[in-house]
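# Summary of structural features
Residue-level listing of the chains:
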Amino acid sequence: MLAHWLLDPTVTYLNHGTVGASPRRVLAAQQRIRDEIERQPSRFLLRELSSTTVGMPRSSPPRLRAAAELVAAFLGARGEDLVFVDNATTGINAVVSSFDLRDGDEVLLTDHAYGAIRNAVSFHAASRGARVRAVELPSPARGPSAFTETVLAAIGPRTRLAVVDHVTSESALVLPIAEIAAGCRARGVALAVDGAHAPGALALDVPSVGADWYVGNLHKWAHAPRSSAFLWAGKERQEGLHPPVISWGLGKGFTAEFDWAGTKDPTPYLAAPEGISFMRELGLEAMRAHNHGLAWAAASLLAERWNTPYALPERMVGTMVTVPLPERLGSSSEDAARLRDALLEQERIEVQLHASKGRLWVRVSAQAYNEIADVERLAAAVTARTS
Ligand SMILES: Cc1ncc(COP(=O)(O)O)c(C=O)c1O
C-alpha cells in the first residue's frame, strides 16, 4: 500500500493523523486541475469556480458546488448545506465568530479540546464578554455514557454554545457525539462538533449526528490534498454564518459567502472527490476495518510490551490510539519532544508524543499503508530506551 503514497519508505510513519498524507493519485488529480486553471485562469476562477464572482457563470453547477455535492454525498448530507474551508480551525472560527454571544454567556469546551480550537473559542468569547468553561472528562475506562453525562452535567443556565470533539486529538477518543448532541438540543444549547479526525476514519452521516454545525477535515483521513475541510450547517443555522474572511459573497447566502474568500488556490477542494474515489476503490469498510483493527492491536501490543496500563472500550477507538509510555522515559513536554526527535533521528520512526497527567503518551495512527510490523518497531525502539 505504501507505493500509493510519496512517503519515504525508510521512515516508519505512524503519524497520519497530524497533518495527513495525500496519496499519489490525489496529488496527480490536483495537478491536472491546476493545469486546467493555468490554461485560462480568469475563466476558471471568475466564471467557472463559483457563482459568487464577477464573471458570468459558464459552468453549471459551478465547479465548487459540484465538488461540494460529491463530498456531501459521502457524508450523507446535501451539497447546499456544506461549504469548503481550509481546515478545521477555520471552520470553528467561522462558527464561533458568527454566533451571537453576549456579555455573561458561557461557551462549553472539554479539557480534551485541541489547543488551537481552545484559543479560537477563548478569543471570540472574550471579545463579546462571554466566558469559556472547559469540563474535565472522565477516565475512558468508564465508557462513553460517562462522557455524555459529564458534558451534559456541565451545562449551566448561561451556557449557550458547546464545542465538542467527535474524535479527540491527543487522547484519540471517539466521543458519543450523537448522544451529546441530543442532550445539548434538549437543553437549548447550540453544538458545534469539531470532527477534525472523523471523515474517512469513521462511518459518518453528518446530519444524523444532530449537531447545529459540523466541521471536518478532509486532508487528514479522507485523503484530500492539504487545506481541504468542510463546514456543514443545519438549515436554521446558515443565515448569519460568515467565513472569517469577508469577501464578495457577503449578504448573498451561505454557500455564496464561503465559495469566494478572495483569490486563492481552489484545487485542494476540487481534488477532494478524488480522495473519496480512492477510498471507495480500497473499499470503505475494508479500509476502516484495517485501520481500526491495527489501532486496536497496537494498543494491546504496546501496553503489553511496556507493561503500561490500558483500559478503554474498543468502541472509543477509531483509527488512532493513545497509550501511556513507560514512566522512566519522563513526564514533561521537553521529555516528550526529546523522545519524539530521538525516535525520528535514530530509529526513523515518526510518531506523535505528548506529556499529560504526569507522564508521556504516544499516539499511534493506523492508515492503509501501516502494518503491525511498524508498531513492533516502535515497541522495540521504546523498550530499548528503558533499559
Ligand atoms: C481535534 C482537532 N481539532 C482541530 C484540529 C485542527 O486541524 P487543522 O490544523 O486542520 O485546522 C486538529 C488537528 O490535529 C484536531 O486534532
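Residues numbered from 1 in each chain as written. Predicted model: local features only at pLDDT ≥ 70, side-chain atom pairs only at ≥ 80, totals over all residues. Heavy atoms only, no water.

## Points about the overall build of the protein
Operational definition: Each helix corresponds to a stretch of at least 4 residues labelled H or I by DSSP, and each strand to a stretch of at least 2 residues labelled E; elements are numbered beginning at the N terminus. Throughout, the radius of gyration refers to the C-alpha atoms, and the reference size of a globule is 2.2 Å times the residue count to the power 0.38. Using a 1.4 Å probe on the protein chains alone, a residue whose accessible area is under 20% of its type maximum counts as buried, one over 50% counts as exposed, and one in between counts as partly exposed. Note on contacts: a residue pair qualifies if any of its non-hydrogen atoms lie within 4.5 Å across the two residues. Accessibility throughout is a Shrake-Rupley quantity obtained with a 1.4 Å probe, and a residue counts as covered only by protein chains that appear here. For the purpose of charge, His is not counted, nor are the chain termini; Lys and Arg are scored as positive and Asp and Glu as negative. Each charge is placed at NZ for Lys, CZ for Arg, CG for Asp and CD for Glu.
Each helix and strand in the protein was counted, giving 15 helices and 12 strands. The C-alpha atoms of the protein give a radius of gyration of 21 Å, which matches the 21 Å a tight globule of 387 residues would have. In the protein, buried positions account for 56% of the 387 residues. Looking at the protein alone, contacts between residues at least 24 apart form 69% of all its contacts between residues at least 6 apart. By element, 51% of the accessible surface of the protein is carried by carbon and sulfur atoms, the whole surface being about 16200 Å². A distance of 2 Å separates the average location of the 40 positive side-chain charges in the protein from that of its 42 negative side-chain charges.

## With respect to the environment of D103
Take D103: it is sitting in the loop between α5 (88-98) and β3 (106-110). The exposure class assigned to D103 is exposed, which follows from its relative accessible area of 63%. Taking the C-alpha atoms as reference, D103 lies 36 Å from L75; in sequence the two are 28 residues apart. Those residues in contact with D103 that lie beyond four places of it in its chain are R128, G129 and R158.

## Observations concerning helix α6 (residues 115-127)
The criterion, for reference: Each helix should span, by expectation, one fewer than its residue count multiplied by 1.5 Å. Here, the arc refers to the directions that run from the helix axis to the C-beta atoms.
Taking 1.5 Å of rise per residue, the 13 residues of α6 would be expected to cover 18 Å, and the 18 Å separating its terminal C-alpha atoms lies within 8% of that figure. All of the buried residues along α6 are I117, A120, V121, H124 and A125. Burial along α6 is one-sided: seen end-on, the buried residues are contained in an arc of 120°. Opposite the buried face of α6, at more than 90 degrees from it, the exposed residues are N119, F123, A126 and S127.

## Considering the sheet that holds strand β11 (residues 352-356)
Spelled out, the test is: A pair of strands counts as paired when DSSP detects no fewer than two bridges linking them. The convention used is that axes are lines fitted to C-alpha atoms, helices contributing only their stretch in contact, and that angles between N-to-C directions extend from 0 to 180 degrees.
As summarised here, the arrangement of the 3 strands in space is β9-β12-β11, forming an open sheet in which the pairing is antiparallel. In this open sheet, the two edge strands, each paired with only one partner strand, are β9 (320-324) and β11. Along the sheet, successive strands turn relative to each other by an average axial angle of 25°, direction set aside. Pairing geometry for β9 and strand β12 (residues 359-365), over 5 bridges, is antiparallel. Its bridge partner being in β12, V323 is matched across the sheet by V362. Strands β11 and β12 of the sheet are contacted by helix α14 (residues 333-347), whose axis makes an angle of about 165° with β11.

## What about the packing of aromatic side chains?
To keep things clear, this is the line we draw: Here a Phe, Tyr or Trp ring, Trp counted by its six-membered ring, pairs with any other such ring whose centre lies within 6.5 Å, and the pair is stacked when the planes are under 30 degrees apart, edge-to-face when over 60, and tilted otherwise.
With the rule as written, the count across this model stands at 7 aromatic pairs. Their ring planes at 65° and their centres at 5.6 Å tell us that F254 and F258 sit as a pair that is edge-to-face. Note that F254 and F258 are positioned in helix α10 (residues 254-259) at a spacing of 4 residues, about one turn of the helix. With respect to burial, F254 and F258 carry one shared label: buried. Three or more aromatic residues joined by ring pairs make a cluster, and in this case those are W5, F278 and Y369.

## Looking at the environment of G195
Note on placement: G195 falls in strand β6 (residues 190-195). Distance in space between the C-alpha atoms of G195 and E136 is 19 Å, their sequence separation being 59 residues. Leave out the neighbours within four places in its chain, and G195 touches H166, Y214, V215, G216 and N217.

## Re the pairing of strand β4 (residues 131-135)
As a reminder, the rule being used: With its strands directed away from the observer, a crossover is right-handed exactly when the path from the first strand over the helix to the second travels clockwise.
Pairing of β3 with β4, which is carried by 5 bridges, proceeds in the parallel orientation. Following the sheet pairing, E106 is matched in β4 by R131. Running through α6, the crossover from β3 to the neighbouring parallel element β4 is right-handed.

## Considering the UniProt feature "domain: Aminotransferase class V" (unreviewed entry) in the protein
Condition: UniProt positions are given in the numbering used here, feature names are shortened, and annotations may be inferred rather than shown by experiment.
Here the UniProt feature "domain: Aminotransferase class V" (unreviewed entry) sits at residues 65-378. As annotated, residues 65-378 comprises 39% helix and 18% strand, and the C-alpha atoms at either end are separated by 43 Å.

## Let's talk about the layout of surface pockets
Put simply, the test is: Using only the protein atoms, space was sampled on a 1 Å grid; points where a 1.4 Å probe fits but cannot get out form cavities, open sets with protein on both sides within 12 Å along at least five of seven lines form pockets, and lining residues are those with an atom within 4 Å of a point. Grid points are joined across faces, edges and corners, and a volume is the space filled by probe spheres set on the points. Only Asp, Glu, Lys and Arg are considered charged in this grouping, and only Ala, Val, Leu, Ile, Met, Phe, Trp, Tyr, Cys and Pro are considered nonpolar; every other residue, Gly among them, is considered polar.
Its volume calculated, the largest pocket comes out at about 950 Å³. Lining the largest pocket are 44 residues, with H112, S169, E170, S171 and H354 positioned closest to its centre. Those elements that place two or more of their residues in the lining of the largest pocket are α1 (16-19), α5, α6, β9, β11 and β12. Among the residues making up the lining of the largest pocket, the classes are represented as 17 nonpolar, 17 polar and 10 charged.

## Description of the site of the ligand
How we decide: Put simply, a residue is near a molecule or strand once any heavy atom of it comes within 4 Å of that molecule or strand. Nitrogen and oxygen atoms within 3.5 Å of one another constitute a polar contact, given that in protein one can donate a hydrogen and the other can accept it, and given that sequence-neighbouring residues count only through two side-chain atoms. Placement in a cavity or pocket follows one criterion, namely that more than half of the molecule's atoms lie within 2 Å of its grid points.
Near the ligand there are 14 residues, and of these T89, D194, H197, N217 and K220 occur at the shortest range. A88 has a polar backbone atom sitting 3.2 Å from an oxygen atom of the ligand. Between an oxygen atom of the ligand and a side-chain N or O atom of H219, the distance comes to 3.0 Å. Most atoms of the ligand, that is more than half of them, are within 2 Å of grid points of the largest pocket. Here the residues of the shell around the ligand sort into 5 nonpolar, 6 polar and 3 charged.

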